Every structure is written in C-alpha cells, then in structure tokens.
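Given next are the chains, with one letter for each unit.
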Amino acid sequence: MTALEELETRVRKELGVRLFTVLAWAPERRALRRVHTSHPAEYPVGGEKTVEVAQGWLTTCIEGRKPFFGPDRVAVREVFADHELIESLGCGSIINVPVVEGGQVLGVLNILDAEGAYDEGSVAVAESLAPLAAPALRRGVR
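Model, not experiment: these values are computed from the prediction.

Caption draft 1: Main features of the state of the cysteines. For the structure on display, the rule yields zero disulfides. Its sulfur unpaired, Cys-61 is 17 Å from the next cysteine sulfur, which belongs to Cys-91. For Cys-61, a relative accessible area of 0% corresponds to the buried category. Taking relative accessible area as the criterion, Cys-91 reaches 0% and is therefore assigned buried.

Caption draft 2: Helix α5 (residues 120-129), seen in detail. Taken as a whole, α5 has its buried residues at Ser-122, Val-123, Ala-126 and Leu-129. Buried residues in α5, looked at end-on, bunch into an arc of 120°, giving them a common side. Sitting at the amino-terminal end of α5 is Asp-119, which places a side-chain oxygen 3.0 Å from the backbone nitrogen of Gly-121.

Caption draft 3: Region of interest: unusual backbone geometry. A positive phi angle is found at Arg-30, which is not glycine, with a value near 50°. Tracing the backbone shows Arg-30 in the loop between β1 (19-26) and β2 (31-37). Since its relative accessible area comes to 38%, Arg-30 is described here as partly exposed. Residues other than glycine seldom take positive phi values, yet Arg-65 does so here, at roughly 55°. One can find Arg-65 in the loop between α2 (55-63) and β4 (68-70). Judged by relative accessible area, Arg-65 falls into the partly exposed class, the value being 40%.

Cut-offs applied
Residues numbered from 1 in each chain as written. Predicted model: local features only at pLDDT ≥ 70, side-chain atom pairs only at ≥ 80, totals over all residues. Heavy atoms only, no water. Disulfide = S-S within 2.5 Å. Buried < 20%, exposed > 50% of the residue type's maximum accessible area, 1.4 Å probe, protein only. Helix = DSSP H or I, 4+ residues; strand = E, 2+ residues; numbered from the N terminus. Arc of directions from axis to C-beta. Polar contact = N/O pair within 3.5 Å; in protein donor to acceptor, adjacent residues only side chain to side chain.

What follows is the structure, encoded as structure tokens:
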C-alpha cells in the first residue's frame, strides 16, 4: 500500500469520505495535478485543474495556506466548476487542506462527503492529517 493509500484509509477512519483526491501544486503553471484518487474513472490520476478553480479558492488554500471548508452544496457550487459531477457522487460537503512543508505548498488534500457531513472539528482533523502526504508529494509523485 502506498503512503497516499494509507492516508486515504486514515481519512476514511477518522473523518469519513466519499471522494478523496490528492493534488500536487505546480506553481510555475499555477496548476494542480491529481496524484491520488478514490474515484479513478471520474477523477483520474494525472488530471489537472487550472482555470476551473475559483480565484478565491486559490487565494485561501494556496496563497494563504489555509483550509477551504464548504459545508454544503451551495458552497461547493460557488467554487467548483465540476460541482455537477461532485453532486452525482453524493457529495455536498468539502474540505480542502493544503499540504505545506518549509513554508511551501506541496499540494492539497480534497476530502468530500454528503452535505452536512463535516464541521469545523472535521477541518481540524483534516489539517492534522495533511502532513502525512508531504513525503509522497516531496518525492515527486507528480
């Protein structure tokens, strides 16, 4: 089992999750590249997100190095262009946590479940798990 698969198992156990992905940050392109996914058919490894991510999200999660919490479908719809696919998977709540090491953003954990499944306490748990992705992202699982 890879480190990111082990992390997914921990997220499932400690938070619950329907959709889990890990994205590596490529600052030179201002792009996020998927390096792990629980749903390879819908969200394949290697897929990239650039312009479909709202600037406010980038400001919060990448530039501000702070988590983004969307507790309901309204919040998800406001930020993510792929909200219809997200909703089709039964997801309506999202936690995005930057993986930061040495002041640099290496990537982001995307943790999604049913609307109302998460709260601020869930965000804190997700933040505590994010550093577990750093070694894999540092090694260039890009």
